Amino acid sequence: MSVKLPKRLSSKKKKPPKDNAQTEVLRKLGLEAFRTAPLDPASMLDISTWTLENQAPLETKDLPNAFLQRLWLLSPDARSPCYNPPSDVLTNANKPPDEMISGLGGESQYAINPLDLVTAVFMSSNTFLQQEMTVRMVQCQFAVPLVLPNIEPEEPSHFLLWPLRGVVSQWMSHFLDENRKVQEGDLASTQMPMVSCVKLGHCCVSKSQVLNHILRGLKSCNETFLHRGMDGGQLPRKLSNGLVEIGWYLPGDTARENLDVPVVISNLRGDASTHEKCLSLLCKASSAVIVFCGNLREKDRQLLKSCKDMASKLILIDISDAEKNENSVVGFVCPNLQEDIGLPEGSVLQGRALSEEELAKRLFDTLKDLLPDKLKPVTLEAASKLAVELGLNMDEGTVCQKAMATVEEILKGLEKGCAQFKEKQLPLQGSLWCKLAEIEKEESKQKKDGKEIDPQLQKEKKDILVELGSYKMTPAMKIFTDALSTTDKVERTYFLSWIKRKLKMMQTKKQNSPHDIFREEKDGMPEHSDDLENRASSYLEDSDSFCTDSTFEEEETEEQPVNSELQVSDQQLTIEQELEHIMHKSTDEGKEPQSDQNNLEPTHDPVVEQELYMMPNEKENQGNVVTEKKVSFEDQMSDPVFENQNCHLEFGENGTLSCEGTKQDEPELTTAISESILSAKQQMYPDVSSEPQVAWCSQPFEPDPSSLGLEHFLREMGLIFELTQINPGSGNHSVLRLPSLAADLLLYGIPLELMDGDASNIPIRWLGCVFAELKRRLPQEQCRTRVLTNLGVHHAQNAEVLSALFGVKFPEGRKRSTRGVYMVPLCPPDTLRKDLECDFLLLIDVEGLCSISQDNKMNTQIHDIEMATVATGLSDVLMQNISSCPSSEFETDFNVIVNALLRVKECGSMPNCQLLIQDEGINSLLKASQLRRVSGMLQTETGDRGTNNAEKQYTKTTSCITCIKGPWSNMSVSEPVDTQYSTAVLKLKKTLFEALKKCAAKSEATGLSEFMIRLHAVWDAVKAESFSIGLQNTDIALAFSLLCTELSQWEDSLLEHIENWLVGATQKIFTTNAKALDAATQNNLLSEMKDEAREEVKTEMDKLRSKVEAYLMKDDLFKVSTETFKTILMSYMGDLQERVTEEIIQRLETVNESYCSSIQLKNFEILLEKEQESKLHALVEKSKSNKVLLQDAELEEEFESVWSKMLSNFDFRPSETDDITVRVREILRQNLISRGLQKHTKKTEAVGQNQTSTFQVYDEHFGYRSRLKHMFEDNNRLQRLAAQQIACRVIEEYKHFMEDKTSLPADFSDSYITELLENVEKALKEKSMEIRSAFEVDLKVYLCSSACQDFQKIHDRYAKDRELLACITETKSKYMAEFIYQFRKRDQCQRVAQAFTSMVIKPTVLDYIYRPLGMHIVEEIQAKEQQYQSPSAFNQNLMEELIREDCFESFLEYLQCYDSFRLRKIQETVVGHLSESTNLDKWRQQRLGEIVGKIAAAVSETAEGTNGVLSDTKPLLERVCLTLERDGVVDVTRAPLDGPLFSITTEWDRFVTCLMELLAAVRLDLAQEFSQNVDITQLLNCLPVQPQQSLFNRVRGCDKQCPLCRAPCEVQEMGHEAHRALLHRPKGMMPYDPCSVFCISCHEGMMQGSPEQNTDTQNTSVACMDVHSLHPGWNISHEDPNSQTPSAYWRYVLVRFNDKFAKEYEEKPAEIPEEWKKITEEEALGSLKEAVLT
């Protein structure tokens, strides 16, 4: 836990507990140390007072700190065990599952049950902090501990009574036969029913949730009792089992459907069978006990019987499940158990099938039937006695009892009346003190006017002093001062708490109705209830009733006798001298004393210093039982002023106000009160209905002038000392100890009264001695102070506001006549102390302002103004606390505050004013706005104004007004706290501390002596009425406020006029600067506009001054003090004129600068865009050429080069530059001093001077001994040479150093020189030489001089237009990201365009060129070569070529591979044709141009209207393809477009540009390719249509061959059925086939052979006939001459190559007739032609 370990109030420490599961919880929460040294209210200083943010806990050990901090802020989530640990997976993984439950999306964790958290903090706190926590928990409607389990399970638990004494609230009682009544009481001693709830056995129903529904209703979301459905509630309880909590139900104004009386509901945590002592206590002490019965065992049954015997009323709720437990009581559902125990009928409620809401409703109805008459009221005080009897520890021990007895001794006789008690025991606060104050004021006025003091006044004053001189300290004051003198801090804390509590109880008795809270009927009540009541009565009557013996361990102190006296301190004489010094100094210096701390010698006391550090926290140890609440109008009606008329106010059934009493002659009272209420409401809320209504907690309450408080005793103590100082002979020796007691109390946190508001007097001597004593105890350096004052009227809950902000306890002036100015010091922590520049924050509170007084109204108002003036005059920061009030009180309250501000203004010092409103009603807002205007008018210095710095300084806003709807406005603790309360408190604290920081920045803090001098001066001015505006003139405040309102409207009009003028001036600047290019013209225009602005503001302000002067002369109230108000107003308007003029000039400069900067920025962006465009183009081309994807790091480097180039070359506007020479000299000087070379510092003056020569080494750089040693070595030449080499090396390193720094895109920095000097020192250290320090100094001076010139250039470059450079630098990352993005998009665009070109465009171009090329070649060849006209011509040509070629191989190929031979011949023809032709290149170039033109046209057509538009490329590319295919000429390859490659978003025009560039590149590449020599064969192979194949198809003919000789069919008609060969081939030219019949050869042989062979002729004819029958498709007839005899062509061929044919066929050569051998080549060709022609 992040709190300091406080010094315990008791020196007797507890034994450390043993290690167990309970101590493990404390250890986990970081509270183990506080078991032996418990937390006290002082701990809240670090936790709450100085905390400005609601920080979420980060680990388990932060939970107690967070709980206390949130509790002090009354946050509804104070008990939350949620913490947000840093993201540490390993740490969380090691935790067991039951210690970590994720919540809020896995970010938050719960490591402990919230009830264990509350219990652990209570265990670790002392009783006084427990009381503070209890009060705040009840305000938050949380359940509070009644019985706290011991950390050691075997030890008895603690009964906590003292914390409950501080819980005080009001409620509305409801009776059937009586009107409603407003009652007030505390939780400890108020008689009311107590309903206790316990659990036996396992229950599936949440008992705590049921109780929550009963306490707050079914519709309320407030969780009084923690339950398992809340965050962390499902975790097992390890510490809180056995805890007894209580919740306080209080009936409200609309309680008809709720319970009619206040009820305490207690809740025992855990199974009651394991906590029998607590169960017995609840049974004996409660009005009724409710047992939630689960699955009961036999011993539980016996326990219920014992409960029946002890409890007054026992109610059982059956929520068991008998099927799950065999050991459960048989027949519990039946009436057996009820009869066995002896419970009356209806004592068992069935709740098995009921939900928690339904069960709560049934139980609520049961309780409603029992209340208020059937349940006996009890008190928790009586329960504490029973707890002691049962062996439980009680927190109120012997010290508490002793303190209470002392208080009762002091307050003896108070029951006779406060007025009588004051007269006997506090006589100095009577009329004599008031009369003395009036006489002193009159004397001061006469001295101021220069008159002699009236002798009559002197006589009256002397008589008063004589009478007061006979005063002897009363017994009550004697006991009071003795009690304060105890050294036991615990006893003193109990004493102060008891005296406040006793006085509060007596006041409450007077305010409550004389009737008892509960009716006295006891019909039907159990006998035990009567006994309990008797116990309670006897307990209350006993003098020790509030304190019993307990095990509460306290410091045992020696009892001091009642009449004991403290010895006078040795420093008493010093205190008196200090006081005389202050008085004398204040008188000499007048109204504005100057600080002088030298005359006061500080003393040091470590113990006192510790007390002072603890002081702001220990104030909470008072154990004050008076809680913060708002007083209702009905409480005012219970005032003794009304009670003396024997009447009391009650609420009737119809909501009207009635008065009952014994006097019948005052019937007008009710009517008058009702009308006054109605009138006030109608004034406050004009739209409210006029129906009489009474809001029981919204009406202001006037204090009781006869009431008594602790502050009255402290005031009496001060007056005793004051009168002793006035009459030195009066009093006794013990009086001198009183300043020391007051200083102790002040350090302890008890406020010191600076001014008696009742008498309107200040005991200046008393305060001087107290402050002198305080200063004596503190070190002199720890006396700086800042003053924060809370100024509000009596019903503004001033004490409660300061308590909420800082935790201090000021007297509450709402219900008693607490009128005065009080002060308490706080010691800020070190961090805040540094910011505020002070050691103490003095909080001043004004109580009782504008309250009802017994004096006349005028005197009361004058006293109020005096109090407000004193408090305001002492303040550094003034918080004006504004609460809702009737319109009738508005004027009075407002006048007092404004009058105080006016008078403080005349004193010359105005505090920083802040405003606090407690509601957002029209009255509060109106009053706040009026005070805002008045404060702003009086604070003429800009630094004093409480405006928001983010706003314009002359703009009036309500930003300094903070609204806090505090819990003090709630009459009852049962009313919820505003949800925004905690946030508003933190916001107000931040605002106040910011205001204090402004004060620290404006002025130095004053010491305690100066504070006393300041108080003396302010009081002297108030007494003498040293103001131009008299205190009697109370109407001036309202008149001044109206003037401020009028002036505010005039000011708004002036500002509106200036704004309109500024608009025109701005337009003029824009227009002129747009035309003017030179800076001189722009500067001249700006100067003219500034002069015009000053003149315009002056003219308007003169008009405003005239209006103000006329207003002052017109109003009669201002005529008396015209000069005073004129000075104030003229000062304000002079300040206003200065601020408006400064603002206008600043805005003109801003406009001009903004315009020029915008132009510069625009030019920079244009140039940067050009540079980036160039660089992007180069990078894209580079990426396209090397096909390497550039990384981001490379692109960032490229951008850096562009950026550096731009900054270097851009023409920034010249601006003022600094001469860095001064900075370099200072850095060098400090360096020399740090190295102990102070004697050489004068040489630094040479830095920056022009040096033309290089660095030279002199003899002076070497010591005498070194020179003597090297005297004969060529006059030290070698030594100087070595030193010169070192210097040259250092200078060379400097040049490299300078190059590095120059290349950096940054301005000159002082670190450059520091680094340079370090480099020199390092270089000299590395080379050991006998050299003097003068060498190092001269070398540094030389280098620094050179650096001044080089670094000045860098500085001048970067000093140009710093703001523009800063703006550009801030956006550098944006420009870089845009650069990278543009490259990526362009590179992507380029790559997609390349892919489209390579995958679609180029294939389309090549297809367009080469697809028709084959047919074109065929047509050319057919036109050129006639043999390709028909198959026969082609065959004839082939055979002719064969004859001419005369090659056997060709004939062989022709005969055997007829088709391939023909195809080869055709290809040779095509190749030859292409080789000889020159048209191929032209034709391809022509086709290339055509297709490129078509593509370009299609792309251009698609690009229309897409300039700069981001588009998806895929649809647009598809449109390009469709456009190309539209004419049917171009066939586009569109398959690649089907994938996602081309689906990118880019600027289409940029993509088109890339596409056109690539298209041109394709055309250029193809054109170059076409112009080069081409491989014809390769070209033919890649053509879609092969020309050789096409020609072959045209000349191949029928493609059938003769089945006998394989001669081709030469019939040319298409679709012929009969095939015929013209030239059959003879035998011998084809391989022999035994199955074939060569009729021709045979026939030919027979015709030419011997006669013997002719016999076969017939057989041959028969064979031919058979061939025809075998091949009917062939026309082979012997009648055909062509078929009978081979042509001369083939005869010639056979003759020519007979042997080769034979050899090829491996046969014998054919027998060739001689006649064949005679055939010539010509004959053969002739026969060929003849055959073709035939």
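J.: Residue-level account of the pattern of salt bridges, with values.
T.: Under the definition given, this model contains 58 salt bridges. A salt bridge links Glu-381 to Arg-501; the nearest nitrogen and oxygen atoms lie 3.7 Å apart. Remark: Arg-501 occurs in helix α19 (residues 489-511) and Glu-381 occurs in helix α13 (residues 380-389); sequence separation between them is 120 residues. What makes Glu-381 buried here is its relative accessible area of 0%. Among the residues examined, Arg-501 registers a relative accessible area of 1% and is labelled buried. A single salt-bridge network, built from bridges that share partners, covers Arg-715, Glu-753, Asp-756, Asp-758, Arg-819 and Asp-864.

J.: Just give me the short version of the packing of helix α49 (residues 1431-1445) against helix α60 (residues 1688-1696), but keep the residues and values in it.
T.: A pair of packed helices is characterised by two quantities: the angle between their axes and the separation of those axes. Orientation of α49 relative to α60, taken along the N-to-C sense of each, is 30 degrees, at an axis distance of 12 Å. Relative to α60, the crossing made by α49 is left-handed. Between α49 and α60, the residues in contact are Met-1439, Glu-1440, Leu-1442 and Ile-1443 and Tyr-1689, Trp-1690, Tyr-1692 and Val-1693, respectively. Classifying every residue of the contact of α49 with α60 by side-chain character gives 7 nonpolar, no polar and 1 charged.

J.: Break down a negative patch on the surface for me, citing the residues and quoting the values.
T.: Taken together, the side chains of Glu-1292, Glu-1293, Glu-1299, Asp-1300 and Glu-1326 make up a negatively charged region of the molecular surface. At 4 residues, the largest contribution of residues to the negative patch is made by helix α43 (residues 1277-1303). Topologically, Glu-1326 is positioned in helix α44 (residues 1310-1326). For Glu-1326, a relative accessible area of 59% puts it in the exposed group.

J.: Break down the confidence of the model for the protein chain for me, with residues and values.
T.: On average, residues of the protein chain score 75 in pLDDT, and 75% of them reach the 70 mark or higher. A low-confidence stretch, residues 324-335 stays under pLDDT 50, and its non-local contacts, those more than four residues away or across chains, total 21 contacts. Across residues 1634-1664, where pLDDT falls below 50, the model places 31 contacts with residues more than four positions away in sequence or in other chains.

J.: Now, about the packing of aromatic side chains: what can you tell me, with residues and values included?
T.: To describe a pair of aromatic rings, you give the distance between the ring centres and the angle between the ring planes. Scanning all chains against the criterion turns up 27 aromatic pairs. Both rings, one in Trp-1050 and one in Tyr-1111, keep their centres 6.3 Å apart while their planes meet at 80 degrees; by these two values the pair is edge-to-face. With a gap of 61 residues between them, Trp-1050 in helix α36 (residues 1036-1075) and Tyr-1111 in helix α37 (residues 1079-1114) connect regions that are remote in the sequence. The class for Trp-1050 is buried, based on a relative accessible area of 17%. Ring plane angle 50 degrees and centroid distance 5.9 Å describe the contact between Phe-1448 and Phe-1697, whose orientation is recorded as tilted. Linking Phe-1448 in helix α50 (residues 1448-1456) with Phe-1697 in the loop between α60 and α61 (1698-1705), this pair joins segments that are 249 residues apart in sequence. These aromatic residues form a ring-pair network of at least three members: Phe-1164, Phe-1199, Trp-1203, Tyr-1375 and Phe-1379. When the ring centre of Trp-72 is taken as origin, the NZ or CZ atom of Arg-136, which lies over that ring, is 4.2 Å away. The aromatic ring of Tyr-1375 is capped on one face by Lys-1374, whose charged end is 5.2 Å from the ring centroid.

Parameters at a glance
Residues numbered from 1 in each chain as written. Predicted model: local features only at pLDDT ≥ 70, side-chain atom pairs only at ≥ 80, totals over all residues. Heavy atoms only, no water. Salt bridge = Lys/Arg side-chain N within 4 Å of Asp/Glu carboxyl O. Helix = DSSP H or I, 4+ residues; strand = E, 2+ residues; numbered from the N terminus. Buried < 20%, exposed > 50% of the residue type's maximum accessible area, 1.4 Å probe, protein only. Axes fitted to C-alpha atoms, helices over the stretch in contact; angles between N-to-C directions. Left-handed = near helix turned anticlockwise from the far one by under 90°. Contact = heavy atoms within 4.5 Å. Nonpolar A, V, L, I, M, F, W, Y, C, P; charged D, E, K, R; others polar. Patch = residues over 30% accessible without salt bridge, like charges linked within 9 Å, V, L, I, M, F, W, Y side chains within 5 Å. Areas by Shrake-Rupley, 256 points an atom, 1.4 Å probe, with all protein chains shown as cover. Lys, Arg positive; Asp, Glu negative; His and termini not counted. Charge placed at Lys NZ, Arg CZ, Asp CG, Glu CD. pLDDT = per-residue confidence, 0-100. Phe/Tyr/Trp six-rings, centres within 6.5 Å; stacked < 30°, edge-to-face > 60°. Lys NZ or Arg CZ within 6 Å of the ring centre and 35° of its normal.

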